[in-house]
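Structural description and commentary
So you can see what is in the structure, the chains are spelled out below.
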Amino acid sequence: MKGGTATKIILETIFTIAYHKVQQTHQPIDPLSMIKAYENNVLEVTYSKGEEIAVVIDKAGASLRSGGHIYYLSMGSLGIVAMIDASECVPTYGADINDVRGFIDTGYDLLRNKEGDLSSQGECYQISVSHFETDILPSVCNKDIVIVLLSSLHQNHKRCKTIMETCQTKGVFTVCVSYNMSQFDHKCDVDIDFCIPDCNEISPRYDELSAKVVCNAISTGAHVLAGKVYNNHMIDVQVRNSKLYHRAISIIETITNRGLEDSENALLCSIYHVDHVEQSHLVGKTIQDHITMATTKDKVVPIAIIMLLRKCSIQEARDYLLKQPILRRCLREMTS
């Protein structure tokens, strides 16, 4: 499990026990039994569909490699799970905001956020299924993959069925991830239906946790296949703050086995597109200045790694990566 998955299990266990105590339901609840129930009711059931999930991961990776997109569509709270997964791809993998997008049936009405409807602030804030139908659906193509998440607890399944049918006419690879909906009449390329215990407002949402595991597997696997990960390091990390600046240096140092100073110098060379970092480049500049410059640059970490390992110029490293964007293959081809 990833950290967020474990956190959700722990928090739901705590709040479920607290609810029953406040309401004085006198229902005995053993925390360890609840946690064990997640393993039996969610993880084992979810992992039993590993082969089907692997097919989706392969298609999602091919989509990102070809310049396509991954779209999550959902009714109800499963959409929040999918949207969070999509939003984490940008800082984690250095993905473009449009590479993986999540859309919820009623948008901000379901989120009930304090600020209200933010869709007027720009395309990236438009999160309803209606926005997908209006702005995205007309331009989807055979490079894209659409993943619909449905639960028997939610309504409006017919709308998702119509969207999937439209996508299929455009050659889009369609996936339906559903919960307790084996009788749902629809057609898609991959159909994954999970049979898990029913939930209610005061019990753990097993479907949400399962959907989180599935979405995490798809987005992580897709970015690995797209070349965003090397030796278990997320090499396309975007240097957007001090923590990510130092993480980038650490990744370069670990992969190249060079010292801290050489690794930071290589990162700065990549950021400023120079072959040698002279003091004149750094006079009066702070780490925040480097971060500001880095936010406009792409693939600064892979370029720095290639420069150090192959002892080449920054431009040569950039050219190598343009020809072969997957770092592992790029390094292999450079030595063949």
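Residues numbered from 1 in each chain as written. Predicted model: local features only at pLDDT ≥ 70, side-chain atom pairs only at ≥ 80, totals over all residues. Heavy atoms only, no water.

This part takes up the sheet that holds strand 1 (residues 70-74). What the five strands build is an open sheet, ordered 2-1-3-4-5; its pairing is parallel. The open sheet terminates on both sides in strands that have one partner only, identified here as strand 2 (100-104) and strand 5 (190-194). With strand direction ignored, the average angle separating the axes of adjacent strands in the sheet is 15 degrees. Packing against the sheet, helix 7 (residues 157-169) makes contact with strand 1, strand 3 (145-151) and strand 4 (173-179), and its axis sits at approximately 165 degrees to strand 3. Against the sheet, helix 8 (residues 206-225) contacts strand 1, strand 2, strand 3, strand 4 and strand 5, and its axis sits at roughly 155 degrees relative to strand 4. (Pairing = 2+ DSSP bridges. Helix = DSSP H or I, 4+ residues; strand = E, 2+ residues; numbered from the N terminus. Axes fitted to C-alpha atoms, helices over the stretch in contact; angles between N-to-C directions. Contact = heavy atoms within 4.5 Å.)

On to helix 3 (residues 50-65), then. In this model, helix 3 (16 residues) spans 22 Å end to end at C-alpha, consistent with the 22 Å of a helix rising 1.5 Å per residue. Residues of helix 3 that are buried include every one of I53, V56, I57, A60, G61, S63 and L64, and no others. The buried residues of helix 3 occupy an angular sector of 155 degrees when the element is viewed end-on, so they sit on one face. Of the residues flanking the end of helix 3, it is G67, one or two places downstream, whose phi is positive at about 90 degrees. (Expected span 1.5 Å × (residues − 1). Buried < 20%, exposed > 50% of the residue type's maximum accessible area, 1.4 Å probe, protein only. Arc of directions from axis to C-beta.)

This part covers the pattern of salt bridges. Taken as a whole and assessed by the stated rule, the structure comprises ten salt bridges. As a salt-bridge pair, E123 and R101 come within 4.0 Å of each other at their nearest N and O atoms. Taken as a pair, E123 in the loop between helix 5 (108-111) and helix 6 (129-136) and R101 in strand 2 lie far apart in primary sequence, 22 residues in all. Assessed through its relative accessible area of 7%, R101 is described here as buried. The salt bridge involving R205 is made with E208; its shortest N-O contact spans 3.5 Å. In this structure R205 comes out as buried when scored by relative accessible area, which is 17%. By sharing partners, the salt bridges in this structure join K8, E12, R205, D207 and E208 into a single network. (Salt bridge = Lys/Arg side-chain N within 4 Å of Asp/Glu carboxyl O.)

Below, the discussion takes up the state of the cysteines. For the coordinates displayed, the defined rule picks out zero disulfides. Not part of a disulfide, C89 finds its nearest cysteine sulfur in C215, a span of 9.7 Å. C89 gets classed as buried once you look at its relative accessible area, which sits at 2%. C167 forms no disulfide, and the closest cysteine sulfur to it belongs to C160, at a distance of 10 Å. On the accessibility criterion, C167 (0% relative accessible area) is buried. (Disulfide = S-S within 2.5 Å.)

Interpretation in functional terms is not warranted from these geometric data alone.
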